[in-house]
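Remarks on the overall topology
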Amino acid sequence: MLLRGILGLVCAAAFAAAPAYAQSPFQFSDAPDQSGPALIAADQMTYASDGETITAIGDVTIVQGARALSADQVTYEVAADRIVATGSVTLIEPGGETLHADRVELTDQLKRAIADQLRIRLSDGSRLVGSTADRISGDRTVLANAAFTSCKACEKDPDRAPLWRLRARKVVHDEEAKDLTYKDVTLDIAGLPVFYTPYFSHPDPTVKRRTGFLAPDLFFGGEFDAVAQVPYYWSIAPDKDLTFKPLITPKTAPVAAAEYRQLFRNGVINVDASFGVLERTTNSGAKKNDAVRGHGFLDGQFALDDNWRLTLAGAIASDDSYLETFNIDDADTLRSTINMEGFYGASYVVVGGFAAQDLRENSAQSTTPTTLPSVRGSYIGEQGRLGYAYAEGDARALTRSTGTDSQSASANVGWRAPFTTSGGQQIEATVNLRGDIYNVAEVNGVTGQDEFIARAHPTATADWRFPLIQQHKWGSVVVEPRIQAVAGLDEARTRNIPNEDAQTVEFDESNFYARDRLPGRDLIDDGQRMDYGVRVTGLLFGGGRAEAFVGQSLAREPGAFAAATMSDERPVIPVAAATVSPAEYLDLNWRARFAKNDFDIRRQEVSIGAGPDWLRVNAEYIRIDDVNQGPQFIAAREQIKGGFKFKFAYNWSVSGSHHRDLDSNEPLLWSASVAYEDECFAVDLAFASDFASQADGGGRDDSVFLRVRFKHLGGIQTAQGVGGRNGERN
């Protein structure tokens, strides 16, 4: 009993009251309070007769808080204030790090630690080893003949050299600054030295963000022969940062570029911009010198209170080719919005504005409209025994430099009454009254011709559906026939109302049963029609699914929707679609729209994705006949896309894709790549040929890309333009 008491006092002095030891010689993670008592287990514990030495022998385990130490033997010399752990010493840190050593000695009130053959496995799998390690003042560790890698050890051959590692004569780990500094360092790839530098430093793996240079991005070729970007990241504070990323070319002064991000208590904002004075080659081949060029992107969201939020999205470019020339973005239209949104149960209101910049070739920005202000709201009443009321409204002011301006307001009010019979039939009746007013300046582009227009359009809708379910041993089948009747005025007054929001009109199974199948509100889906179809869904117990839909919309007379979709004079529009996913290795989608008289396909889309993870192929086919989409005539086109990804080894893959116009039998885009990726290293070599590039000069753009990334060390991305530009659009 006396011995047990003495051991308890010694343990409290040596282990429990010594967080420095519990933190290990190499502290990589923040730890919880370690001031509690330690729990010690060992095969044997001895106490020297002079009272100066206590020894724990055989499978020694010491646990304090979230840390655990194990060793063959632990000795505490009271007078010398020294602890020595020997034989397979292992320390598990609270953050998941594991330290191994042959011998660890702690002195100087446990502030000084010396370890032999130290091996550290960090929580992310990274490893740091050294022949000796000396921990000084509790926050600085010096390792001799050390190596660092984030690659996992080979399970079959742990002594085999990792894919990459840094070897150094000396490594200093500053735990306060969280830096790893190397002296006389060599980078080994697969055990072979490939690069040497007398000095190298990087943050330790616990650092999530740190001021410093980021991986560079290099592009060779193109209009400026070469473009280099070496970003510098500035961690201003935990809630904000700034990345300087100037674009450097051999032909011009550097282009200033930066990205700023900030997290607020109630939101976030991101600003990305660049600016420079550069030359420019237009698509016609003309050169412009000393042109002011640049871009600006803005994104932000703020929760103003429990019901209201503010969203910002801004995008602008100096010209139609700047973004693609400097590999910033390949969008052909930039959209900017500002919206104040309110949410009250099922009701919603938004006040804001919209603007767009058209970057497409030969587009006229002066005819692109700006909407400010724009107001939209919706209200859904409480469900009663006979249904519920709803209301929708919106207003907008639309302006442009050249062409028609307008101010308008619209409102929808109605009553919806859904019912379900005892047999499972679902019936819904809806009555709706819509009203619009427009003040149009320069009607049809004629100066001085202004007009005030008002219209009202009542509709009534009856919808019936009857889902039927049948169970089988392999799964279940759901068959749902559905019929909808819509009655409205034969001709909604649309004359002289500018069509701003129905420029593109689609019709497929997704909007087949919509009361108004035209987008926006400038055009109205008028007249009377009957929509009828059936959807069949098969569900497999193993997770597979198959679904098919076929339907036909029959209108009494042609109306605005038939004109917008260029349907037959006899306004019957058959639609079909199917989706098949019997297992995770196959996805098939098909949709089509037919002509009524001979069922010729007017529009067809087919996509397929097949194969296991190691060999995945995909293909898309689209065919569209000559069609009016809103007021625009879209010429017929037929295109196909195809691609594959083949993992021919655990970490290796090759992929390729091709996009082709079948009408002209001309390629639009194709690419190929080979890649290697594991937990510590990634490399990707790719080739891409863009036959309709928007970059300076336009035309075909061929490039080779090489991306290399070392985990924790960074990487580099380069691109080489090859083959030049043909200066023509394909």
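Worth saying up front: this structure is predicted, and the values here are computed from it rather than measured. Throughout this document, residue positions are counted from 1 along each chain, in the order its sequence is written. Whole-chain, interface and lining totals are the exception, using all residues; otherwise, since this is a predicted model, local features are given only for residues with pLDDT of at least 70 and side-chain atom pairs are given and counted only at 80 or more. Derived side-chain values reflect all non-hydrogen atoms in the structure, with water molecules and hydrogen atoms excluded from consideration.

Some points on the overall build of the chain
- What counts as a helix is a DSSP run of H or I of at least four residues, what counts as a strand is a run of E of at least two, and both are numbered from the N terminus. The helix and strand inventory of the chain stands at four helices and 45 strands.
- Buried means the residue's accessible area, taken with a 1.4 Å probe over protein chains only, is under 20% of the maximum for its type, while exposed means over 50%, and partly exposed covers the values in between. Residues classed as buried in the chain amount to 38% of the 730 residues present.
- Any pair of residues with heavy atoms lying within 4.5 Å of one another is described as a contacting pair. Looking at the chain alone, contacts between residues at least 24 apart form 46% of all its contacts between residues at least 6 apart.
- Within the structure as shown, the chain displays about 37,500 Å² of accessible surface, and the carbon and sulfur contribution to it stands at 57%. Note on areas: these come from Shrake-Rupley sampling with a 1.4 Å probe, and a residue is covered only by the protein chains present in the view.

Notes on the packing of aromatic side chains
- By convention, a stacked pair of Phe, Tyr or Trp rings (six-membered ring in the case of Trp) has centres within 6.5 Å and planes under 30 degrees apart, an edge-to-face pair has planes over 60 apart, and any other such pair is tilted. Here the structure, examined in full by the defined rule, presents 21 aromatic pairs.
- Ring-pair connections join several aromatic residues into one group, and the members of that group are Phe148, Trp164, Trp614, Phe646, Phe648, Trp652, Tyr676, Phe681 and Phe710.
- Our definition puts a charge over a ring when NZ of Lys or CZ of Arg is within 6 Å of the ring centre and also within 35 degrees of the ring normal. Lying across the ring of phenylalanine 507, arginine 517 places its NZ or CZ 5.2 Å from the centre.
- Of note, arginine 517 hangs over the ring of phenylalanine 561, and the distance from its end group to the ring centre comes to 4.1 Å.

Things to note about the confidence of the model for the chain
- One confidence number per residue, pLDDT, is output by the predictor and ranges from 0 to 100. Looking at the chain, the pLDDT average stands at 84 and 88% of residues meet or exceed 70.
- Confidence drops under pLDDT 50 across residues 725–730; counting only partners more than four residues distant or on other chains, this segment forms 22 contacts.

Focus on the state of the cysteines
- In this description, a disulfide is simply a cysteine sulfur pair whose atoms lie within 2.5 Å. Under the counting rule described, the total for this entry stands at one disulfide.
- Shown here is the disulfide that connects cysteine 151 with cysteine 680, its sulfur atoms set 1.9 Å apart. Taking the torsion about the sulfur-sulfur bond, which here is approximately 80 degrees, the covalent link between cysteine 151 and cysteine 680 counts as right-handed. Placement of cysteine 151 in the loop between strand 9 (140–149) and strand 10 (164–174) and of cysteine 680 in the loop between strand 42 (666–677) and strand 43 (681–693) is noted, with a sequence separation of 529 residues between them.
- Residue cysteine 680 is classed as buried on the basis of its relative accessible area, which comes to 0%.

Concerning the pairing of strand 29 (residues 451–465)
- By definition, two strands form a pair when at least two bridges between them are found by DSSP. As defined by bridge partners, strand 28 (residues 426–441) adjoins strand 29 across 15 bridges and the pair is classed as antiparallel. Within strand 29, the residue paired with asparagine 432 across the bridge is threonine 459.
- Across seven bridges, strand 29 lies against strand 31 (residues 475–488) in antiparallel orientation. When the sheet's bridge partners are listed, threonine 461 is paired in strand 31 with valine 486.

Let's talk about the pairing of strand 9
- For strand 9, the tally of buried residues reaches seven of 10 residues, placing the bulk of the element in the interior.
- Bridge analysis of strand 8 (residues 127–136) against strand 9 gives nine bridges, and the strand direction is antiparallel. Of the residues in strand 9, the one forming a bridge with alanine 133 is leucine 143.
- As paired strands, strand 9 and strand 10 are joined by eight bridges and run antiparallel to one another. Considered in strand 10, the bridge of alanine 147 is made with arginine 167.

Details of the environment of leucine 298
- Checked against the element boundaries, leucine 298 lands in strand 21 (residues 287–303).
- The class for leucine 298 is partly exposed, based on a relative accessible area of 28%.
- Spatially, the C-alpha atom of leucine 298 lies 4.7 Å from that of glycine 314, the residues being 16 residues apart in sequence.

A look at unusual backbone geometry
- In this chain, leucine 372 is followed by proline 373 through a cis amide linkage whose omega measures 0 degrees.
- With respect to the secondary-structure elements, proline 373 resides in strand 25 (residues 370–380).
- Despite not being glycine, lysine 178 has its phi angle at roughly 60 degrees, a positive value.
- Structurally, the position occupied by lysine 178 is in the loop between strand 10 and strand 11 (179–189).
- A positive phi angle, near 55 degrees, is found at asparagine 665, a position not held by glycine.
- Relative to the assigned elements, asparagine 665 resides in the loop between strand 41 (652–661) and strand 42.
- Judged by relative accessible area, asparagine 665 falls into the partly exposed class, the value being 48%.

Overview of the pattern of salt bridges
- Take a side-chain nitrogen of Lys or Arg and a carboxyl oxygen of Asp or Glu: if they are within 4 Å of each other, that pair is a salt bridge. In the structure shown here, the tally under the stated rule is 39 salt bridges.
- Taking the shortest distance from any N to any O, the salt bridge between glutamate 105 and arginine 82 comes out at 3.4 Å. Of this pair, glutamate 105 sits in strand 6 (residues 98–107) while arginine 82 sits in strand 5 (residues 82–92), and the two are 23 residues apart along the sequence.
- Taking relative accessible area as the criterion, glutamate 105 reaches 16% and is therefore assigned buried.
- Across the pair lysine 245 and aspartate 272 runs a salt bridge whose closest N-O atoms are separated by 2.6 Å. Linking lysine 245 in the loop between strand 17 (240–244) and strand 18 (247–248) with aspartate 272 in strand 20 (residues 267–281), this pair joins segments that are 27 residues apart in sequence.

A short note on the side chain of arginine 434
- By secondary structure assignment, the location of arginine 434 is in strand 28.
- What makes arginine 434 buried here is its relative accessible area of 8%.
- Among the polar contacts made by the side chain of arginine 434, one reaches the side chain of aspartate 516 at a distance of 3.4 Å.
- Beyond its immediate stretch of four places on either side in the chain, arginine 434 contacts Ala411, Asn412, Arg455, Ala456, His457, Asp516, Arg521, Asp522, Leu523 and Ile524. As used in this structure description, the phrase polar contact means that two N or O atoms lie within 3.5 Å; if the pair is within protein, one of them must be able to donate a hydrogen and the other to accept it, and residues adjacent in sequence are counted only when both atoms belong to side chains.

Points about a nonpolar patch on the surface
- In this scheme, patches are assembled from residues that exceed 30% relative accessible area and form no salt bridge. Like charges are connected within 9 Å, while nonpolar side chains (Val, Leu, Ile, Met, Phe, Trp, Tyr) are connected within 5 Å. A contiguous nonpolar patch, built from Trp614, Leu615, Val617, Phe644, Phe646, Phe648 and Trp652 and spanning about 620 Å² of accessible area, is present on the exposed surface.
- Along the chain, leucine 615 falls in strand 37 (residues 615–624).
- Overall, leucine 615 belongs to the partly exposed group, its relative accessible area being 32%.

Let's talk about the side chain of glutamine 357
- For glutamine 357, the position within the fold is in strand 24 (residues 347–358).
- From its side chain, glutamine 357 meets the backbone oxygen of alanine 317 in a polar contact 2.7 Å long.
- With residues near it in sequence (within four places) discarded, glutamine 357 still touches Ala315, Ile316, Ala317, Asp332, Thr333, Leu334 and Gln365.

Considerations on the nonpolar core
- Residues Val74, Leu118, Leu143, Trp164, Val171, Tyr182 and Phe681 are the most contacted members of the largest nonpolar core, which totals 39 residues.
- Among all residues touching tryptophan 164, those that are not within four sequence positions of it are Phe148, Thr149, Ser150, Cys151, Leu187, Asp188, Ile189, Cys680, Phe681, Phe710, Lys711 and Leu713.
- Take the buried residues of types Ala, Val, Leu, Ile, Met, Phe, Trp, Tyr and Cys, join any two whose side-chain atoms come within 4.5 Å, and each joined set is a nonpolar core. Grouped together as the second largest cluster of nonpolar side chains are 17 residues, Phe224, Val227, Ala315 and Leu334 included.

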